[in-house]
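Secondary and tertiary structure notes
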Amino acid sequence: GAVVSQHPSWVICKSGTSVKIECRSLDFQATTMFWYRQFPKQSLMLMATSNEGSKATYEQGVEKDKFLINHASLTLSTLTVTSAHPEDSSFYICSARDSAAGGVYEQYFGPGTRLTVT
Amino acid sequence: AQSVSQHNHHVILSEAASLELGCNYSYGGTVNLFWYVQYPGQHLQLLLKYFSGDPLVKGIKGFEAEFIKSKFSFNLRKPSVQWSDTAEYFCAVYTGTASKLTFGTGTRLQVTL
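Every chain is numbered independently, its residues counted from 1 as its sequence is written. Chain labels run from A onward and ligand labels from 1 onward, assigned in the order the entries are written. Only residues with pLDDT of at least 70 get local features here, since the model is predicted, and only at 80 or more are side-chain atom pairs given and counted; chain-wide, interface and lining totals rely on the full set of residues. Only hydrogens and water are set aside; all other atoms, that is, all heavy atoms of the structure, feed into the side-chain values.

The next point concerns the overall build of chain B. Of regular secondary structure, chain B possesses zero helices and 12 strands. Secondary structure of chain B in N-to-C order comes out as β-β-β-β-β-β-β-β-β-β-β-β. Relative to a compact globule of 113 residues, whose C-alpha radius of gyration would be 13 Å, chain B shows 13 Å and is just as compact. Taking the principal axes of its C-alpha atoms as reference, chain B extends roughly 45 × 30 × 20 Å. Residues classed as buried in chain B amount to 46% of the 113 residues present. In this analysis, two residues are considered to be in contact whenever any of their non-hydrogen atoms come within 4.5 Å of each other. Considering only contacts in chain B between residues 6 or more positions apart, those separated by 24 or more positions represent 55%. The helix and strand labels rest on DSSP assignments: H or I over at least four residues marks a helix, E over at least two residues marks a strand, and numbering proceeds from the N terminus. Each radius of gyration is computed over the set of C-alpha atoms, and the globule rule expresses the reference value as 2.2 Å times the number of residues to the power 0.38. Burial status follows relative accessibility: with a 1.4 Å probe on protein chains alone, a residue under 20% of its type maximum counts as buried, one over 50% as exposed, and anything between as partly exposed.

The structure is reproduced here in structure tokens:
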């Protein structure tokens, strides 16, 4: 089956620094990738939709200058949390849609990245 | 805007009990419906999905769900749960209008021995 990986799986950073999280589709091409945020015991909240070769589309309330998304290839999207603060501590999950899936809509999810900002 | 409601936030069942988790969505057009499971410490996995056709969908690990269009529902069922089914379950809906998955708030299932 389709596999999505994320790196790192866990990161601790100091307040004010930036952190980059990578999301890769390992055995399929993904023109569209998604970034979610999940707080403890809560649902996934879509932060942005990342399209290969173009600017990401951010959901309402998500600061695009704080959460920089780059989707430079069909298998890689990155999320950079800039000037991180403790309130940015969360579980970040990426998801990718198989470009070859045609009319069948399905997203594959990565294992997530736990970010802790101290 | 589309939305998804999961009314059961925390369900506790004994092994071998039957399970039904509710999921209702709000959208009047064509929908694709999904149930995902997140085991403790693991990533989201697809349990089953509905795109069209037979409204009774069978998924992995003995789960099934029924799409009832008139009730805007897609409830998840399993006749006999196991301790290993302890996890968080998320219902999600996709519409072409929104072009994104919208998740419910999730239901935490705890199965006791």
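There is more to say after this.
Residues and elements named next belong to chain B. With nine of its nine residues buried, strand β10 (residues 87-95) lies for the most part within the structure. On β10, burial covers both faces: Ala-87, Tyr-89, Cys-91, Val-93 and Thr-95 on one face and Glu-88, Phe-90, Ala-92 and Tyr-94 on the other are all buried. By this definition, two strands are paired if DSSP reports at least two bridges between them. With seven bridges joining them, strand β5 (residues 32-38) and β10 adopt antiparallel strand pairing. Bridging across to β10, Leu-33 finds its partner in Val-93. Note that β10 and strand β12 (residues 107-112) share three bridges and pair antiparallel. Of the residues in β12, the one forming a bridge with Glu-88 is Arg-108.

On to the pairing of strand β6 (residues 44-50) of chain B, then. For a regular strand, the rule is simple: side chains alternate between the two faces of the sheet. All names here are of chain B. Direction of pairing for β5 relative to β6: antiparallel, over a ladder of six bridges. From the neighbouring strand, Val-37 faces β6, where its bridge partner is Gln-45. Between β5 and β6, which pair antiparallel one after the other, the connecting turn spans five residues, and Gly-41 there sits at a positive phi close to 75 degrees.

Now for the state of the cysteines. For this text, the term disulfide refers to a pair of cysteine sulfurs within 2.5 Å. Taken as a whole, this structure holds two disulfides over all chains when the rule is applied. Cys-23 of chain A shares a disulfide with Cys-94 of chain A; S-S distance 2.0 Å. Across the S-S bond of Cys-23 of chain A and Cys-94 of chain A the torsion is about 75 degrees, and the bridge reads as right-handed. Of this pair, Cys-23 of chain A sits in strand β3 (residues 19-25) while Cys-94 of chain A sits in strand β9 (residues 90-97); the two residues are 71 residues apart in sequence, bridging distant segments of the chain. Here Cys-23 of chain A matches Cys-94 of chain A in class, with each residue buried. Through a disulfide, Cys-23 of chain B is tied to Cys-91 of chain B; the S-S separation comes to 1.9 Å. Taking the sign of the torsion about the S-S bond as the criterion, the disulfide between Cys-23 of chain B and Cys-91 of chain B, at about -65 degrees, is left-handed. Of this pair, Cys-23 of chain B sits in the loop between β3 (19-21) and β4 (24-26) while Cys-91 of chain B is found in strand β10, placing the two residues 68 residues apart along the sequence.

If you look at the interface, chain A gives 18 residues, while chain B gives 17 residues. Put simply, buried area is how much 1.4 Å-probe accessible surface two parts lose in total, over both of them, once they are put together. Note on chain A versus chain B: buried area summed over both sides is about 1,400 Å², and carbon and sulfur give 58% of it. One speaks of a salt bridge when a side-chain nitrogen belonging to Lys or Arg is within 4 Å of a carboxyl oxygen belonging to Asp or Glu. Our enumeration of links across chain A and chain B arrives at one salt bridge. In this structure, Lys-100 of chain B engages Glu-59 of chain A in a salt bridge whose closest nitrogen and oxygen atoms are separated by 2.5 Å. Polar contact is defined as a pair of N or O atoms within 3.5 Å, subject to the rule that within protein one atom must be able to donate a hydrogen and the other to accept it, and that residues adjacent in sequence are counted only when both atoms are side-chain atoms. Linking chain A with chain B are three residue pairs in polar contact (both at pLDDT 80 or more). Those elements that provide at least two residues to the side of chain A that touches chain B are β4 (32-38), β5 (44-51), β9 and β10 (107-109) of chain A. Here the term charged refers only to Asp, Glu, Lys and Arg, the term nonpolar to Ala, Val, Leu, Ile, Met, Phe, Trp, Tyr, Cys and Pro, and the term polar to all other amino acids, Gly among them. Tallied by class, residues from the side of chain A that touches chain B come to 10 nonpolar, five polar and three charged.

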